[in-house]
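An overview of the molecular structure
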Amino acid sequence: MESERLQTVLLTGASSGIGLEIARLLVSHGCEVWGTSRDPARLPEVPRFHPVRMDLADDASIREGFAQAQRESGGFDALINNAGAAVFGPTASVSAELTREQFQVLLHGPLNLVRLALPTMRLRPRGIIINISSLAGAFPIPYMAAYSAAKAALSTYSQCLRLELANSSVRVVDVQPADINTAFHTATKRVAPAEDSASQEAVWEVQRSNMAAAPPPQCVAEAVWRAIKSPNPPPVIKVGGFFQAKFGPWAVRFMPVRWVDRFLRGYYKIQGGSHES
Ligand SMILES: NC(=O)c1ccc[n+]([C@@H]2O[C@H](COP(=O)([O-])OP(=O)(O)OC[C@H]3O[C@@H](n4cnc5c(N)ncnc54)[C@H](OP(=O)(O)O)[C@@H]3O)[C@@H](O)[C@H]2O)c1
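Attention in this report is confined to the structure presented alongside it. Here the structure is a predicted model, which means the values were calculated and not measured. (Residues numbered from 1 in each chain as written. Predicted model: local features only at pLDDT ≥ 70, side-chain atom pairs only at ≥ 80, totals over all residues. Heavy atoms only, no water.)

A closer look at the overall build of the protein chain
When its secondary structure is counted, the protein chain shows nine helices and nine strands. Relative to the 2.2 N^0.38 estimate, which gives 19 Å for 277 residues, the radius of gyration of the protein chain is 19 Å and therefore close to what a compact globule would have. By its C-alpha atoms, the protein chain is 60 × 40 × 30 Å across when sized along the principal axes. Here the protein chain holds 277 residues, and the buried ones make up 48% of them. Contacts in the protein chain between residues at least 24 apart in sequence constitute 70% of all its contacts with a sequence separation of at least 6. In the structure as shown, the protein chain presents an accessible area of about 13100 Å², 56% of it carried by carbon and sulfur atoms. (Helix = DSSP H or I, 4+ residues; strand = E, 2+ residues; numbered from the N terminus. Rg over C-alpha atoms; globule rule 2.2 N^0.38 Å. Buried < 20%, exposed > 50% of the residue type's maximum accessible area, 1.4 Å probe, protein only. Contact = heavy atoms within 4.5 Å. Areas by Shrake-Rupley, 256 points an atom, 1.4 Å probe, with all protein chains shown as cover.)

This is the structure in structure tokens:
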């Protein structure tokens, strides 16, 4: 069976939500999973799961966590860049420091792990890098600009990497979840509203209620497992509810950006709007 050749997995953000479900599913299929958290006490205690402390906001922590996992595993067949969290607030009022931290956790941290894992992965008969980005890369969420932009960058990075590795044994898959019912919204760091507070409240509430009604994280874990098993996985996997993950991306393909903006303003119940576009 193909999957038997992909045994060792490094998975970030294994303590909660999508990552926790991926960890559970992969160990149930016999994979050895090195899973990370900033606090290993939050990680599951199950057979074939190996805890790793890692804070993606801290390059030294990434190096140390990776070195430990690499030593214990002897190298990885699969790297799953899953960990992430968002900052919510008016784009121009979110500090440069918080904005940089978003890009560190969502982009530079995952890229560092690719740099660290790839040299030994390339020597193996088969390897896979799965980056969990977001549909927010294509459909940016108002007041989550750094998050949406970092996810878009991660998707573009995945595509470049895939083109460059086309003749290697390593596959690159960009998994783009729609809203998924996890602790993500609760973990979102909210910056005190400075302006447009009615719009912010509206977007926050749309996000909260959408996530509460969204599919469970198992659907993303199953998509990841199918990609791992496949010798020729799809390059991009959109996963989630039908409207967000299927109909929306299909419907906007030929729409002018002006229409997409108008749709997003309506979708997020953004108040007022001084100019009609
Ligand atoms: N839920 C959604 O609707 C949705 C939609 C699209 C994309 N996504 C993406 O899916 C991924 C998983 O999110 P989720 O929904 O499962 O959220 P979650 O339940 O809040 O889990 C987030 C995970 O990321 C880890 N994490 C957060 N900040 C970290 C940091 N600075 N360094 C290391 N690890 C960190 C957390 O671990 P510790 O706190 O234990 O360190 C936790 O395991 C994220 O990249 C998210 O952007 C989620």
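Considerations on the pairing of strand E7 (residues 170–177)
Among the eight residues in E7, seven count as buried, and that is most of the element. Summarising the sheet, strand E6 (residues 127–132) and E7 pair through six bridges and their orientation is parallel. Of the residues in E7, the one forming a bridge with isoleucine 132 is valine 175. Between E6 and its parallel partner E7, the chain crosses via helix H4 (residues 145–164), and the hand of that crossover is right-handed. Across four bridges, the pairing between E7 and strand E9 (residues 236–239) is parallel. Bridging across to E9, proline 177 finds its partner in valine 239. (Pairing = 2+ DSSP bridges. Right-handed = clockwise from strand over helix to strand, strands pointing away.)

A word on the site of the ligand
Surveying the vicinity of the ligand reveals 29 residues, the closest of which are Ser16, Ser37, Asn82, Tyr147 and Thr182. Contact distances for the ligand include 2.8 Å between an oxygen atom and a backbone N or O atom of isoleucine 18. Within the complex, the protein chains bury 95% of what would otherwise be the 880 Å² of accessible surface of the ligand. When contributions to the shell around the ligand are tallied by element, the ones reaching two or more residues are helix H1 (17–28) and H4. (Near = heavy atom within 4 Å. Polar contact = N/O pair within 3.5 Å; in protein donor to acceptor, adjacent residues only side chain to side chain.)

Quick look at the pairing of strand E1 (residues 8–11)
What you see with E1 is no split at all: Thr8 and Leu10 on one side and Val9 and Leu11 on the other are buried throughout. Pairing geometry for E1 and strand E2 (residues 32–37), over four bridges, is parallel. Within E2, the residue paired with leucine 10 across the bridge is tryptophan 34. Pairing analysis gives three bridges linking E1 to strand E4 (residues 78–81), with the strands arranged parallel.

Topic: the nonpolar core
With 31 residues, the main nonpolar core has Ile22, Leu26, Ile80, Ile130, Val175, Val224 and Ile228 as its most contacted residues. Those elements that place two or more of their residues in this core are E1, H1, E4, E6, E7, helix H7 (218–229) and E9. Considering every element that reaches this core, the biggest residue donor is H7, with seven residues. In this structure, isoleucine 22 is in contact with Leu11, Ile80, Ile132, Ala221 and Val224, ignoring residues within four places of it in sequence. One finds Trp34, Val52, Phe66 and Met121 within the second-largest nonpolar core, a separate group that totals 21 residues. (Core = buried A, V, L, I, M, F, W, Y, C linked by side-chain atoms within 4.5 Å.)

Observations regarding the packing of helix H3 (residues 96–121) against H4
Taken N-terminus to C-terminus, the directions of H3 and H4 make an angle of 20°; their axes are 8 Å apart at the nearest point. Of the possible angle classes, the one that applies to H3 and H4 is roughly parallel. Between H3 and H4 lies a crossing of right-handed hand. From H3, Thr99, Gln102, Phe103, Leu106, Leu107, Pro110, Leu111 and Val114 reach across to H4, where they touch Ala146, Tyr147, Ala149, Ala150, Lys151, Ala153, Leu154, Tyr157 and Leu161. The residue makeup of the contact of H3 with H4, split by class, is 14 nonpolar, two polar and one charged. (Axes fitted to C-alpha atoms, helices over the stretch in contact; angles between N-to-C directions. Parallel < 35°, antiparallel > 145°, perpendicular 65-115°, else oblique. Left-handed = near helix turned anticlockwise from the far one by under 90°. Nonpolar A, V, L, I, M, F, W, Y, C, P; charged D, E, K, R; others polar.)

Side note on the side chain of threonine 36
Relative to the elements of secondary structure, threonine 36 occurs in strand E2. In terms of polar contacts, threonine 36 uses its side chain to reach the backbone amide nitrogen of glycine 13, at 3.1 Å. Residues in contact with threonine 36, not counting those within four places in the same chain, are Leu10, Leu11, Thr12, Gly13, Ala14, Ser15, Leu43, Val52 and Met54.

Some points on the environment of asparagine 131
Note on placement: asparagine 131 falls in strand E6. The class for asparagine 131 is buried, based on a relative accessible area of 0%. Ignoring sequence-local partners within four residues, the contact set of asparagine 131 consists of Asn81, Leu154, Ser158, Val173, Asp174 and Val175. Of note is the side chain of asparagine 131, whose polar atom sits 2.9 Å from the side chain of asparagine 81.

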